[in-house]
Amino acid sequence: MTADPVAGSDAGHPPAVIVSVTDIRRRPGSRMPVERTLVADGLGLTDVAIPDGAAITFAGELESIHEGVVLTGSAEVPWTGECRRCLKDLAGTAVIEIREVYETKPTDGETWPLEHDQVDLGPLLHDIALLALPLAPLCTDDCLGPAPDAFPATVEGDPVPGDEAPEEPVKDPRWAALDDLDL
């Protein structure tokens, strides 16, 4: 894998990963292999993230079409997070299949821009990486999570399981007015 030099990324914008397509644009239907890497920096969601400095890799090919090129291949995105049930630390790699079109006159939201016979894979890899992160990862499919019977969550003043419970629970004074209602 080769890493392209990062052309100074602005705050909020992914770094540029430029690929020149001049040679294949001259011959429609021709193909060119592509391997690139984007170094992750600050990519993540609330509970899952791509470690800073981790490599988001792409391997595939570019094929020339009439008004642009088609990018086909797969990207690998390493991630870390916590199991949503037992909170155990997890790490994994998401593999995403990619087929995107770069055009000289891109359609907003459907195709990517092809400018000066160059494609910028940076924004695509950035977006794909975030979309690939699991929203609620599990350590195993049958993870039972914390065991509430073995480790009960109690509040100070609440009875501990096994202890004698008081005859009547202590009432919250904020709800005292409801005791006077006849329903």
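Let me begin by describing the structure that accompanies this report.

## Regarding the nonpolar core
Counting residues in each nonpolar core, the largest one holds 36 residues, and the members touching the most others are I50, I56, L62, I98, Y102, V119 and L121. For this core, the secondary structure elements donating two or more residues are β3 (31-39), β5 (55-65), β6 (68-82), β7 (89-103) and α2 (121-132). Each residue touching I98, except ones within four places of it in the same chain, is listed here: F58, L71, T72, G73, S74, A75, L124, L125 and I128.

## Structural notes on α2
Over its 12 residues, α2 extends 16 Å from the first C-alpha to the last, a length consistent with the 16 Å expected when each residue adds 1.5 Å. The backbone nitrogen of G122 lies 3.0 Å from a side-chain oxygen of the residue at the head of α2, namely D120.

## Here we look at the pattern of salt bridges
Taken as a whole, this structure holds 3 salt bridges when the rule is applied. As a salt-bridge pair, E61 and R31 come within 2.5 Å of each other at their nearest N and O atoms. Pair noted here: E61 is in strand β5 and R31 is in strand β3, with a separation of 30 residues, a long-range link. E61 sits in the partly exposed class, given a relative accessible area of 26%. The partly exposed category is assigned to R31, whose relative accessible area is 49%. Where R31 meets E63, a salt bridge forms, and the shortest distance between an N and an O atom there is 3.4 Å. One end of the pair, R31, is in strand β3; the other, E63, is in strand β5, and 32 residues separate them in sequence. Using a relative accessible area of 22% as the deciding quantity, one classes E63 as partly exposed. A single network of salt bridges, built from pairs that share partners, joins R31, E61 and E63.

## Here we look at the environment of Y102
Its location among the elements puts Y102 in strand β7. Y102 gets classed as buried once you look at its relative accessible area, which sits at 1%. Distance from Y102 to L121, taken between C-alpha atoms, is 10.0 Å for residues 19 residues apart in sequence. Among the polar contacts made by the side chain of Y102, one reaches the main-chain carbonyl oxygen of D120 at a distance of 3.4 Å.

Scoring rules and cut-offs
Residues numbered from 1 in each chain as written. Predicted model: local features only at pLDDT ≥ 70, side-chain atom pairs only at ≥ 80, totals over all residues. Heavy atoms only, no water. Core = buried A, V, L, I, M, F, W, Y, C linked by side-chain atoms within 4.5 Å. Buried < 20%, exposed > 50% of the residue type's maximum accessible area, 1.4 Å probe, protein only. Helix = DSSP H or I, 4+ residues; strand = E, 2+ residues; numbered from the N terminus. Contact = heavy atoms within 4.5 Å. Expected span 1.5 Å × (residues − 1). Polar contact = N/O pair within 3.5 Å; in protein donor to acceptor, adjacent residues only side chain to side chain. Salt bridge = Lys/Arg side-chain N within 4 Å of Asp/Glu carboxyl O.

None of this, on its own, says anything about what the molecule does.
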